[in-house]
Every structure is written in structure tokens, then in C-alpha cells.
Amino acid sequence: MFSLEGVSLRYGGVRAVSDVSLTFEPGARVAIIGPNGAGKSSLLSLMGGQTRSTSGRIRLGEVDITRLGPYRRANLGITRSFQITNLMEGLTAREQAELACLTPGRRGWVRARGNQDSKQRAESLLADWGVPQRAWDVRPESLSYGQQRSLELALAMARSPKVLLLDEPNVGLTGAENTALVERIAQLDPKITVVLVAHDMDMVFGFAQRVIVMARGKVAVDGTPDEVRKNQLVADIYFGTGGEASK
Ligand SMILES: Nc1ncnc2c1ncn2[C@@H]1O[C@H](COP(=O)(O)OP(=O)(O)O)[C@@H](O)[C@H]1O
Ligand SMILES: [Mg+2]
């Protein structure tokens, strides 16, 4: 169980996230939607540890992880991909995937628990997440945008996460890449909790068992896809009355 209790994040005068409480069951498939600036990426950063909350508590099971940074959260099984591709320059796709399979130990980098052979594991990750073999020994700046996004997902999966946080993973993908991505996400281990921020409604309603609608840093609606689709408030705040929500 992954939970947020009264979590807030302020940037100066801006309340990016305001007193949000949420619980995610193991294996939950959750989409977060909402207008630009609603606080979706900020919420994901709070969950992944990239940003510290200004108040509230975050727990994974019984462990209070409120103050833990992203590496320590990744060690506990929480990983994330970013809205804007976040890859290391200078290392090839294969090198990055191998590195992602390692964990910092007392005497330098060691294999993460459960990763028998980081070379083999890196290759299977790249293959599973759709990075074509011809791109494995290429640096990220020379990969296509779609390949970069695939690589980023492969890296997020390297640590066998319990909670996978994805921020608009399909932005900028071609139709075919998008379809492949949706299929890969659908095939993830059902024990993994997946929290996905997306704008694409086909993706959201195809993937999610639960949809959280954010507006102005708060959770406005939290329900099944059907409940959210029929919710008038959602139509008002998100789609503009009578717009997309009636699809
Ligand atoms: N690093 C930052 N510094 C200052 N304000 C920020 C920062 N990141 C986000 N914000 C502000 O926080 C609010 C929520 O942003 P964000 O979480 O990116 O929303 P979303 O992902 O839903 O579009 C916005 O008003 C945004 O301008
Ligand atoms: Mg965002």
C-alpha cells in the first residue's frame, strides 16, 4: 500500500499541491488527469521523491518515506519517468540500462537485488520496452524521440518497481508507438501499482481502473472511469462543459 496523507507542495506563493490524501492498493492501475498546471507532475514528484513535500506524510507500507530522496525510494521500489525525457548524455542506451540495473553499495556500484546479470537484464529490458537493437549502442541524443521514451521506460523498469510513476509517457509518440506503449503497460506484472499522468483520453480510459482528476493542486474527483466520464464537475473543470467528457 502506497499512501499520501495531507501532502502539500508550495512554490513560493503557488500551491502546486494542496492537502492531497490518496491511497494506492498494490496492483492498482490509476490515471491522473487534469488541466495544465493542475499539479499532476508536482504530485508525481512528491511520490517519487524528486521534490519534498512542504507538509504531510508519504508511506510505502509501514515505512515513512516522506523525507527520502529518489534513490532511496527507488531502492524501496518506487520509480518514475518524466514528462520531459530525462536521460544521461554520453552513455549509450545499453550502458544506461546496465547502470540502471545496479544499485549504489558500500564499495561502489553493485547488482540490485534480484538482478542476476545486469548485462543480460539490460538487454532484455531494452527489447521488452521496444528499443530496437540497432539503437542499443547509440547515445540518447542520436535516438529518435520515440526510442528515447522507450529507453526511459526501460530504465524505470530496471529496478523491478512495486510502484511505477509515469508522467505523460505517450506525449510526442507516433500512433504506432503509442499503441505499442499501451500494450506494454497492459502487460506489466499485475502486482505493480501503476500511476500514469495522461492527456490522451483513449489511453486513460483504456488503462485505468481508477481515475483521479486534479484541479488547482487538489483532487477534484476520484472514481472509476465510468464515474469520472459521467461527472459534471469533470466536464466543467477539465473539458469545458459539454466537451470531450461527453464522448
Ligand atoms: N519548479 C517550479 N517552480 C515554481 N513553480 C512551479 C514549479 N513546478 C511547477 N510549478 C507550478 O506549480 C503548478 C503545478 O504545476 P505542474 O505540477 O507542472 O502541473 P501539471 O503537471 O498538472 O501541468 C503550476 O502553477 C506550475 O506553474
Ligand atoms: Mg505535467
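Residues numbered from 1 in each chain as written. Chains lettered and ligands numbered in written order. Predicted model: local features only at pLDDT ≥ 70, side-chain atom pairs only at ≥ 80, totals over all residues. Heavy atoms only, no water.

> What is the right way to look at the packing of aromatic side chains in this model?
How two aromatic rings sit relative to each other is set out by the distance from centre to centre and by the angle between their planes. Following the criterion strictly, the structure yields one aromatic pair and no others. The lysine or arginine in question, arginine 229, covers the ring of phenylalanine 205, its NZ or CZ lying 4.3 Å from the ring centre. (Phe/Tyr/Trp six-rings, centres within 6.5 Å; stacked < 30°, edge-to-face > 60°. Lys NZ or Arg CZ within 6 Å of the ring centre and 35° of its normal.)

> Even after reading the chapter, I still don't get helix α5 (residues 145-157), so can you show me in this structure?
An α-helix turns once every 3.6 residues. As a result, residues three or four positions apart point the same way. Along its 13 residues, α5 runs 19 Å from first to last C-alpha, staying within 8% of the 18 Å computed at 1.5 Å per residue. Where burial is concerned, most of α5 is hidden: 12 out of the 13 residues are buried. If you check which residues of α5 are buried, you get Gly146, Gln147, Gln148, Arg149, Ser150, Leu151, Glu152, Leu153, Ala154, Leu155, Ala156 and Met157. In this structure, the buried side of α5 is in contact with β6 (78-81), α3 (93-100), α4 (118-128), β9 (163-167) and α6 (175-186). (Helix = DSSP H or I, 4+ residues; strand = E, 2+ residues; numbered from the N terminus. Expected span 1.5 Å × (residues − 1). Buried < 20%, exposed > 50% of the residue type's maximum accessible area, 1.4 Å probe, protein only. Contact = heavy atoms within 4.5 Å.)

> Can you help me understand the sheet that holds strand β5 (residues 63-64) in this one?
Hydrogen bonds along the backbone pair up the strands of a sheet, which may run parallel or antiparallel. Across the sheet, which stays open at both edges, the four strands sit in the order β2-β1-β4-β5 with antiparallel pairing between neighbours. Only two strands of the sheet have a single neighbouring strand rather than two, namely β2 (14-24) and β5. Sheet topology places strand β4 (residues 55-60) next to β5; two bridges connect them, and they run antiparallel. Paired with leucine 60 across the two strands is valine 63, which belongs to β5. (Pairing = 2+ DSSP bridges.)

> Looking at this model, I keep getting lost on the site of ligand 1. Mind explaining?
As a matter of local geometry, ligand 1 sits amid Tyr11, Val14, Ala16, Pro35, Asn36, Gly37, Ala38, Gly39, Lys40, Ser41 and Ser42. One nitrogen or oxygen atom from the main chain of alanine 38 is found 3.2 Å from an oxygen atom belonging to ligand 1. Contact between ligand 1 and serine 42: an oxygen atom at 2.5 Å from a side-chain N or O atom of the residue. Relative to its free-state accessible area of 560 Å², ligand 1 is covered by the protein chains to the extent of 59%. Broken down by secondary-structure element, the contributors of at least two residues to the shell around ligand 1 are β2 and α1 (40-48). Considering each element in turn, the shell around ligand 1 owes the most residues, three residues, to α1. (Near = heavy atom within 4 Å. Polar contact = N/O pair within 3.5 Å; in protein donor to acceptor, adjacent residues only side chain to side chain. Areas by Shrake-Rupley, 256 points an atom, 1.4 Å probe, with all protein chains shown as cover.)

> Looking at this structure, I do not really get the pattern of salt bridges. What am I missing?
Should the charged atoms of two oppositely charged side chains come close, the side chains can pair. As enumerated under the stated definition, the model contains 11 salt bridges in all. A salt bridge links lysine 191 to aspartate 189; the nearest nitrogen and oxygen atoms lie 3.7 Å apart. You can call aspartate 189 partly exposed: its relative accessible area is 32%. Several salt bridges share partner residues, and in doing so they unite Arg94, Glu123 and Asp137 into one network. (Salt bridge = Lys/Arg side-chain N within 4 Å of Asp/Glu carboxyl O.)

> Help me out: how do you make sense of the sheet that holds strand β3 (residues 29-33) in this one?
The six strands are arranged β6-β9-β10-β3-β11-β12 in an open sheet whose pairing can be described as mixed. Every other strand in the sheet has two partners, leaving β6 and β12 (218-223) as the edge strands with one partner each. The sheet shows a mean angle of 20 degrees between the axes of neighbouring strands, taken without regard to direction. Pairing between β9 and strand β10 (residues 193-197): five bridges, direction parallel. Within the sheet, the bridge partner assigned to leucine 166 lies in β10 and is leucine 196. Against the sheet, α1 makes contact with β3, β6, β9, β10 and β11 (210-215), and its axis sits at roughly 155 degrees relative to β9, the strand it touches most. (Axes fitted to C-alpha atoms, helices over the stretch in contact; angles between N-to-C directions.)

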